[in-house]
2 protein chains.
Amino acid sequence: MTIGQAAKKSGVSAKLIRHYESIGVTPKVSRTESGYREYSESDVQILRFVKRARGLGFDMKDIKKLVGLWRNKGRSSADVKNLCKTHIENLEQKMRELQTMADSLRHLSRNCQGDNRPHCPILNNLAGEFT
Amino acid sequence: MTIGQAAKKSGVSAKLIRHYESIGVTPKVSRTESGYREYSESDVQILRFVKRARGLGFDMKDIKKLVGLWRNKGRSSADVKNLCKTHIENLEQKMRELQTMADSLRHLSRNCQGDNRPHCPILNNLAGEFT
DNA sequence: GCTAAACCTTCCCACCGTTGGAAGGTCAAG
DNA sequence: CTTGACCTTCCAACGGTGGGAAGGTTTAGC
């Protein structure tokens with residue numbers, strides 16, 4: 001399979017496939033005589049694995065670890081679960097931050113007339129005027 | 001005031017203050033004969049404004065607009081409110097995405113023993129095995 | 001066998017917001 | 001006059017992705 005065909009089958013762009021290989025997230029694949037990358041079904045599976053992990057919000061560093069654990073038949077599921085737990089906590093932390101922002105903005109927005117006059121509690125708040 | 005003093009008073013690092021100026025988010029400040037930037041109280045206020053807006057999750061493009069609206073005494077509060085509304089929607093969208101990720105991860109995590117054995121529903125799911 | 005299209009290769013650049021460092025100039029206190 | 005703390009500009013990096021250029025390869029059609 002060429003990289004283009006692997007891209008279609010995996011849903012990962014050829015551009016990104018090369019990038020993942022270059023940063024060591026996916027293993028280096030074999031090459032034809034002329035230098036074209038060759039992909040097998042199992043190579044495509046790895047790409048799909050990476051794509052799903054991205055979809056769950058893991059960063060490339062963690063995905064690298066996850067791919068390693070996946071391919072290591074002697075792994076402990078505890079290692080995977082811990083990675084997962086930490087990531088969940090990061091997501092929850094991020095959500096709390098966004099929630100706090102959104103709450104503040106909704107509060108300010110409610111107090112803003114939203115008309116053609118200049119008075120604006122949102123700007124006043126940003127300016128540090130808490131009146 | 002030098003940039004270092006303005007940094008302390010505003011809570012924005014000198015590095016970032018120069019950056020904000022270079023991308024046009026904050027106005028260019030005056031310079032001493034030797035080329036040092038000079039900051040007034042009102043310059044520091046703008047920096048604090050930017051910092052608060054960042055704290056509410058606005059991107060630099062929006063902050064540029066907000067600073068413009070703030071300094072424009074003939075603004076309509078509707079413009080500010082609209083900017084704010086769009087941003088709130090973006091935050092809510094982001095939160096939903098994170099929520100979906102976290103829900104999936106928590107579900108997978110619950111089904112993982114987390115022991116020293118290799119069997120792991122998390123990896124199986126990432127591998128596309130939905131058994 | 002030739003040509004054109006579709007593919008592949010590597011390389012560099014961009015986004016975002018922030019930080020870090022290097023190389024060099026300036027200012028204050030000792 | 002030196003030292004150290006400050007300032008200046010420029011360049012690079014992070015993560016994840018996309019865009020494009022310049023060039024080589026393969027495949028289909030004639």
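Up top is the structure.
Residues numbered from 1 in each chain as written. Chains lettered and ligands numbered in written order. Predicted model: local features only at pLDDT ≥ 70, side-chain atom pairs only at ≥ 80, totals over all residues. Heavy atoms only, no water.

> What exactly am I supposed to notice about the interface of chain A and chain B here?
By a frequent convention, interface size equals the accessible area lost on bringing the separate parts together. Taken together, the 49 residues of chain A in the interface contact 50 residues of chain B. Taking both sides of the interface into account, the surface hidden between chain A and chain B amounts to around 4300 Å²; carbon and sulfur atoms contribute 71%. Linking chain A to chain B there are 2 salt bridges. Inspection of the chain A/chain B interface yields 20 residue pairs in polar contact (both at pLDDT 80 or more). Among the residues making up the side of chain A that touches chain B, the classes are represented as 25 nonpolar, 14 polar and 10 charged. (Contact = heavy atoms within 4.5 Å. Buried area = accessible area lost by both parts, 1.4 Å probe. Salt bridge = Lys/Arg side-chain N within 4 Å of Asp/Glu carboxyl O. Polar contact = N/O pair within 3.5 Å; in protein donor to acceptor, adjacent residues only side chain to side chain. Nonpolar A, V, L, I, M, F, W, Y, C, P; charged D, E, K, R; others polar.)

> I tried to follow the protein's contact with DNA strand C on my own but got confused; where do I start?
Around DNA strand C, 18 residues are found, and the nearest of them are Gly4(A), Arg18(A), Lys15(B), Tyr36(B) and Met60(B). Within 4 Å of the protein, atoms of DNA strand C come from sugar and phosphate in 69% of cases. The contact in question runs from a phosphate oxygen of DNA strand C to an N or O atom on the backbone of Ile3(A), over 3.4 Å. Of all the secondary-structure elements, those providing two or more residues to the surface near DNA strand C are helix 1 (3–10) of chain A together with helix 2 (14–22) of chain B. Counting residues per element, the surface near DNA strand C draws most heavily on helix 2 of chain B, at 4 residues. (Near = heavy atom within 4 Å. Helix = DSSP H or I, 4+ residues; strand = E, 2+ residues; numbered from the N terminus.)

> Looking at this model, I keep getting lost on the state of the cysteines. Mind explaining?
In a disulfide, the sulfur atoms of two cysteines are covalently bonded to one another. For the structure shown, the criterion picks out 0 disulfides over all chains. Cys84(B) takes part in no disulfide bond, and the closest cysteine sulfur to it belongs to Cys112(A), at a distance of 7.9 Å. Cys84(B) sits in the buried class, given a relative accessible area of 1%. (Disulfide = S-S within 2.5 Å. Buried < 20%, exposed > 50% of the residue type's maximum accessible area, 1.4 Å probe, protein only.)

> I tried to follow empty space enclosed by the protein on my own but got confused; where do I start?
To find leftover empty space, one rolls a probe the size of a water molecule over the atoms. Per the counting criterion, the structure on display carries 2 cavities of 30 Å³ or more. What lines the largest cavity is Ile17(A), Glu21(A), Thr26(A), Pro27(A), Val29(A), Tyr39(A), Asp43(A), Ile46(A) and Leu47(A). Residue assignment for the lining of the largest cavity shows that the elements contributing at least two residues are helix 2 (14–22) and helix 3 (41–55) of chain A. It is helix 3 of chain A that contributes the most residues to the lining of the largest cavity, 3 residues altogether. Partitioned by chemical class, the residues of the lining of the largest cavity number 6 nonpolar, 1 polar and 2 charged. Of the pockets and cavities examined, the second largest cavity occupies roughly 50 Å³. Every residue lining the second largest cavity is listed: Ile17(B), Glu21(B), Thr26(B), Pro27(B), Val29(B), Tyr39(B), Asp43(B), Ile46(B) and Leu47(B). Taken together, the elements giving at least two residues each to the lining of the second largest cavity come down to helix 2 and helix 3 (41–55) of chain B. Classifying every residue of the lining of the second largest cavity gives 6 nonpolar, 1 polar and 2 charged. (1 Å grid on protein atoms, 1.4 Å probe; cavity = no way out; pocket = protein on both sides within 12 Å on 5 of 7 lines; lining within 4 Å. Points joined across faces, edges and corners; volume = space filled by probe spheres on them.)

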